[in-house]
Each structure stands twice: as C-alpha cells, then as structure tokens.
Amino acid sequence: MSIEKLVEIIKSSDNIVFFGGAGVSTESNIPDFRSSSGLFSQKLNKNFTPEQLVSHTFYSRYPEEFFKFYKDKLVYTEAKPNKAHLALAKLEELGKLNAVVTQNIDGLHQMAGSKNVLELHGSIHRNYCTKCNEFFDLNEMLNLDGTVPYCDKCGGIVKPDVVLYEEGLDNDIISKTVAAISSSDLLIIGGTSLVVYPAASFINYFKGSNIVLIR
Ligand SMILES: [Zn+2]
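Residues numbered from 1 in each chain as written. Predicted model: local features only at pLDDT ≥ 70, side-chain atom pairs only at ≥ 80, totals over all residues. Heavy atoms only, no water.

1. A short note on the overall build of the protein
This is how the line gets drawn: Helix numbers and strand numbers start at the N terminus; a helix is a DSSP run of H or I with at least 4 residues, a strand a run of E with at least 2. Residues are treated as being in contact if the distance between any of their heavy atoms lies within 4.5 Å. Exposure was quantified through the Shrake-Rupley algorithm and a 1.4 Å probe, taking into account, for residues, occlusion by the shown protein chains and nothing else. Charge convention: Lys and Arg are scored as positive, Asp and Glu as negative, and His as well as the terminal groups of each chain are ignored. Lys charges are placed at NZ, Arg charges at CZ, Asp charges at CG and Glu charges at CD.
In terms of regular secondary structure, the protein is built from 9 helices and 10 strands. Dimensions of the protein, computed from C-alpha atoms along their principal axes, come out at roughly 55 × 35 × 30 Å. Relative to all contacts within the protein whose residues are 6 or more apart in sequence, the contacts with residues 24 or more apart total 62%. Summed over all atoms, the accessible surface of the protein reaches about 11,300 Å², with 51% contributed by carbon and sulfur. Positive and negative charge centroids in the protein, built from 21 and 25 side chains respectively, lie 3 Å apart.

Put into structure tokens, the structure is as follows:
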C-alpha cells in the first residue's frame, strides 16, 4: 500500500485504534529484549534465555539475576518518543484516534502525549512493594540500594508493574482493548508480528472496514 493510500484511509476514519509492539520503539533505541543473548549466571553456571529471565518463576527464585537482566535490558531511562509515537499522539489530539494498544512497557506513547494508552504488558514506570504496596516511580525504584530493589519502608521486594511470562494480563486492560478494537473503523498494526500472543487473538475482534499492517 502507498503512503498516499494510507493517508486517505486515515482521513476517512474517525475511530482509529493502533496496535503496536517492540518495532515501534526500536527507533527510540530500545531493542527488543528478545533479541538479546540472555544472561550468564556465575552462581548457577548457566546461560538463560531472555524469555526465561523475565518469567515469574525466575523473578521469584532468582531475583538477583532477574533484576540484573531487567535493569540492563528492559529499562532505558534516556529513551525519547520517536516520529511514530508523536504521530499517534497527534491523531488522538485531532480526534481521529481512540486508543493505542501496546505491548511495550516503556511509556513512550504517554511521553509523546497520548492519553488513552492500553498497556497490555504494564509499564516500567510503575513499581509496587510486594509487602506494603508502596508506589515507586522508575527513578525511585532504580535509586533503591542493591540489584534487587527492597522497599525503604518495609524491606519487601519492589516489583515492576510489568506482566512477566507465566503471569496473566490485566482483565480491565483486556476488556478495554476488546471494546476499543471492536468499535474501531480502522485498525493499524505496527511493529509486531501477528503470530505473537496476544496480538492475534485481539485482532479477531475487529469488525471495521480497514486493517493496515505496518512492518
Ligand atoms: Zn514496602
């Protein structure tokens, strides 16, 4: 499809939903963590894959290794929104776009000005103490002593509000995503492979006339 054709479709739509994945943020220098080689643990004398490292099992059994990988490969404090984030924020401001559904956890859509962002996998910007539920923003979490962030109020582990492998998605976000996609007239999918769960399953709810896939 030509850019002109895409612009034409966008102009004729007034309830756009954008569904995006890791590819949206690579221009902001955030590599897909799945592309990393994982982590070699001296203690366990073993190499772990990125998927293993960000699993709930790993987080609870080996918090030291989990947070080492997490802080190194999933958190980019200097990242800034790119043209894609800014264009989507603009479309929302113009009343054309209803929601951004993202698999990313970097918060760059909000930084670009998007208001209705449905974060399927949570956000690195929210962190909660697993004992007393105290909230920590990203900097506060990173400034806690040690590799594993322990709450400075009660000593509990501060866990990022990020959906790990083996953990379920938030039900409220799922319903909002389904509602947004099923009522949209244009669904734009960008930077994600449709074979990856949950992208494929949500797209089935689309009933509008135009669906555009940007790779
Ligand atoms: Zn606490």
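2. With respect to the side chain of Glu-119
To keep things clear, this is the line we draw: Under this definition, polar contacts are N or O atom pairs within 3.5 Å; protein pairs additionally need one hydrogen-donor-capable and one acceptor-capable atom, and for neighbouring residues in sequence, both atoms have to be side-chain atoms.
Along the chain, the position of Glu-119 falls in strand E5 (residues 117-119). Side-chain polar atoms of Glu-119 contact the side chain of Arg-126, separated by 3.0 Å. Every residue in contact with Glu-119, bar those within four places of it in the chain, is listed here: Thr-102, Gly-107, Gln-110, Arg-126 and Ile-173.

3. Let's talk about the coordination of the zinc ion
Heads up, the condition is: Coordination here is defined by N, O and S atoms within 2.8 Å of the metal (3.2 Å for Na, K and Ca), and since water is not considered, a site can look incomplete. In these descriptions, tetrahedral denotes four donors with every angle between 85 and 135 degrees, square planar four donors and octahedral six donors with opposite donors over 155 degrees apart and the rest between 65 and 115, and irregular any other case. Classification of residues uses two cut-offs on accessible area relative to the type maximum, computed with a 1.4 Å probe and protein chains only: under 20% is buried, over 50% is exposed, and between them is partly exposed.
Donor atoms from the polypeptide that coordinate the zinc ion comprise Cys-129 (SG), Cys-132 (SG), Cys-151 (SG) and Cys-154 (SG), at 2.3 to 2.4 Å from the metal. Considering all 4 donor atoms around the zinc ion, angles at the metal cover 95 to 115° and the coordination shape is tetrahedral. Here the donor residues of the zinc ion are spaced in sequence according to C-x2-C-x18-C-x2-C. With Cys-129 in strand E6 (residues 122-129) and Cys-151 in the loop between helix H7 (138-142) and strand E8 (158-162), this pair connects stretches of sequence that are 22 residues apart. For Cys-129, a relative accessible area of 2% gives the class buried. Under the relative-accessibility criterion, Cys-151 is labelled buried at 5%.

4. Quick word on the sheet that holds strand E1 (residues 16-20)
Inclusion rule: Here, a strand pair is defined by DSSP locating no fewer than two bridges between the strands. Axes here mean lines fitted to C-alpha atoms, for a helix over just the part in contact, with angles spanning 0 to 180 degrees between N-to-C directions.
Spatially, E5-E4-E1-E9-E10 is the arrangement adopted by the 5 strands of the open sheet, whose pairing is parallel. Sheet topology places E5 and strand E10 (210-214) at the edges, where each strand pairs with a single neighbour. In this sheet, neighbouring strand axes are inclined to one another by 15° on average, regardless of whether the strands run parallel or antiparallel. The pairing of strand E9 (residues 186-190) with E10 spans 5 bridges and is classified as parallel. Note that in E10 the partner of Ile-188 across the bridge is Val-212. Taken strand by strand, helix H5 (residues 83-93) contacts E1 and strand E4 (97-102), and its axis lies near 145° from that of E4.

5. Overview of the pairing of E9
Within E9, 5 of the 5 residues are buried, which leaves the element mostly enclosed by the surrounding structure. By the alternation rule, side chains of E9 split into Leu-186, Ile-188 and Gly-190 and Leu-187 and Ile-189, which are all buried. Pairing of E1 with E9, which is carried by 5 bridges, proceeds in the parallel orientation. Looking at E9, one finds that Ile-16 is bridged to Leu-186.

6. Some points on the pattern of salt bridges
For clarity, the threshold we go by: In what follows, salt bridge is the name for a side-chain nitrogen of Lys or Arg lying within 4 Å of a carboxyl oxygen of Asp or Glu.
Tallied over the full model, the rule gives 9 salt bridges. Ionic pairing is found between Lys-5 and Glu-8, a salt bridge with its closest N-O pair at 3.9 Å. Of the two residues, Lys-5 and Glu-8 are both situated in helix H1 (residues 3-11); the distance of 3 residues between them amounts to about one turn of the helix. Among the residues examined, Lys-5 registers a relative accessible area of 39% and is labelled partly exposed.

7. Here we look at unusual backbone geometry
One non-glycine residue with positive phi stands out, namely Asn-45, at about 50°. With respect to the element layout, Asn-45 can be found in the loop between strand E2 (39-41) and strand E3 (46-48). Exposure remark for Asn-45: the relative accessible area of 59% places this residue in the exposed category. For Asn-133, which is not glycine, the phi dihedral falls at a positive 70°. Following the sequence through the fold, Asn-133 ends up in the loop between E6 and strand E7 (135-136).

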